[in-house]
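So the chains spell out like this:
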Amino acid sequence: MALVIAAPVIPTIAVVGGGEFPVRRIYCVGRNYAAHAREMGHDPNREEPFFFTKPADAVFPSGGTMPYPSRTSDLHHEIELVVALKAGGSDVSAAKALDLVYGYCVGVDLTRRDLQNVAKKMQRPWDLSKGFDRSAPVSPISPAAKVGHPAKGAIWLKINGADRQTGDLADMIWNVPDTIAYLSQFVALAPGDLIFTGTPEGVGPVNRGDRLHGHVDGLADLTFTVA
Ligand code: MN
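What this report covers is the structure whose coordinates are included nearby. Every chain is numbered independently, its residues counted from 1 as its sequence is written. Owing to the predicted nature of the model, reporting of local features is limited to residues with pLDDT of at least 70; listing and counting of side-chain atom pairs is limited to 80 or more, with chain, interface and lining totals taken over all residues. Just so you know, side-chain values use all the structure's heavy atoms and leave hydrogens and water out.

The next point concerns the pairing of strand 14 (residues 162-168). A regular strand places its side chains on the two faces of the sheet in alternate fashion. Sheet topology note: the strand 13 (residues 154-159)/strand 14 ladder contains 6 bridges and is antiparallel. By the bridge assignment for strand 14, Trp 156 is matched with Thr 166. The loop that links strand 13 with its antiparallel partner strand 14 comprises 2 residues; one of these, Asn 160, has a positive phi angle of about 50°. When DSSP locates at least two bridges between a pair of strands, those strands are taken to pair. Elements are defined by DSSP. Helices are runs of H or I of four residues or more, strands are runs of E of two residues or more, and each kind is numbered from the N terminus.

The complete set of buried residues in helix 3 (residues 113-122) reads Arg 113, Gln 116 and Ala 119. Burial along helix 3 is one-sided: seen end-on, the buried residues are contained in an arc of 115°. The contact criterion used throughout is that any non-hydrogen atoms of two residues lie within 4.5 Å. Tucked inside the fold, the buried residues of helix 3 contact strand 7 (75-77), strand 10 (111-112) and helix 4 (127-130). A positive phi of about 55° marks Gln 123, the residue just after helix 3. Three exposure classes are used, based on accessible area relative to the maximum for each residue type with a 1.4 Å probe and protein chains only: buried under 20%, partly exposed in between, and exposed over 50%. The arc in question is traced by the directions running from the helix axis to the C-beta atoms.

Charged atoms that come close allow side chains of opposite charge to pair. We count a salt bridge whenever a side-chain nitrogen from Lys or Arg sits within 4 Å of a carboxyl oxygen from Asp or Glu. Within the structure shown, the criterion is met by 6 salt bridges. For Glu 78, the salt bridge identified is with Lys 130, shortest N-O distance 3.3 Å. A residue pair is termed long-range when its members are at least 10 positions apart, and Glu 78 in the loop between strand 7 and strand 8 (79-85) and Lys 130 in helix 4 qualify at 52 residues. You can call Glu 78 buried: its relative accessible area is 5%. A relative accessible area of 3% places Lys 130 in the buried class. The closest approach of N and O atoms between Lys 158 and Asp 163, which form a salt bridge, is 2.8 Å. What makes Asp 163 exposed here is its relative accessible area of 54%.

Printed below as a string of structure tokens:
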């Protein structure tokens with residue numbers, strides 16, 4: 001088959017210990033920690049999870065400096081545990097879900113909160129408030145074969161050295177196996193998929209010049225600067 005233009009480059013994420021993980025799709029869970037659901041004005045009782053997506057090439061490597069995104073004056077941070085899949089399937093059971101997982105990394109779900117608030121009010125889609133260029137900074141991936149499957153432990157974000165978000169993975173409303181199982185009822189998951197699993201409370205603005213430092217116990221840290 002002759003491609004009529006050059007094939008797009010497959011986005012990748014560095015793996016701790018060597019190699020690169022190719023990214024196929026990025027799924028994100030909305031409101032997966034009760035305190036964050038409350039701070040956004042929602043009832044955290046266990047309603048079914050909902051998802052949105054970012055383009056695969058929204059990933060941005062740890063250690064980098066990105067420009068402040070266009071068309072927003074209220075860029076927000078959301079620190080999240082990110083799951084990287086090595087296998088896929090539909091209607092995966094929660095009991096088998098972790099068999100799909102290659103590893104884990106730390107991500108920030110960058111959000112144009114001003115545009116998202118307008119989209120919510122106007123009942124419009126979130127694509128451009130959530131899925132813009134460089135909206136998915138991620139740390140190197142730690143293989144589950146080395147670090148296991150983190151189900152509890154600290155998750156935090158500092159900006160310029162000051163605490164901005166702190167939580168515990170144990171406070172997720174939908175844990176990783178439940179999230180994979182539920183999502184796989186809607187789409188066929190596949191190797192290369194990432195799942196951002198939602199953020200604890202404390203979301204807030206990112207300003208020009210800020211240095212962000214994200215952490216999940218047991219995983220490689222994420223750092224990046226917004227110029
Ligand atoms: Mn999020």
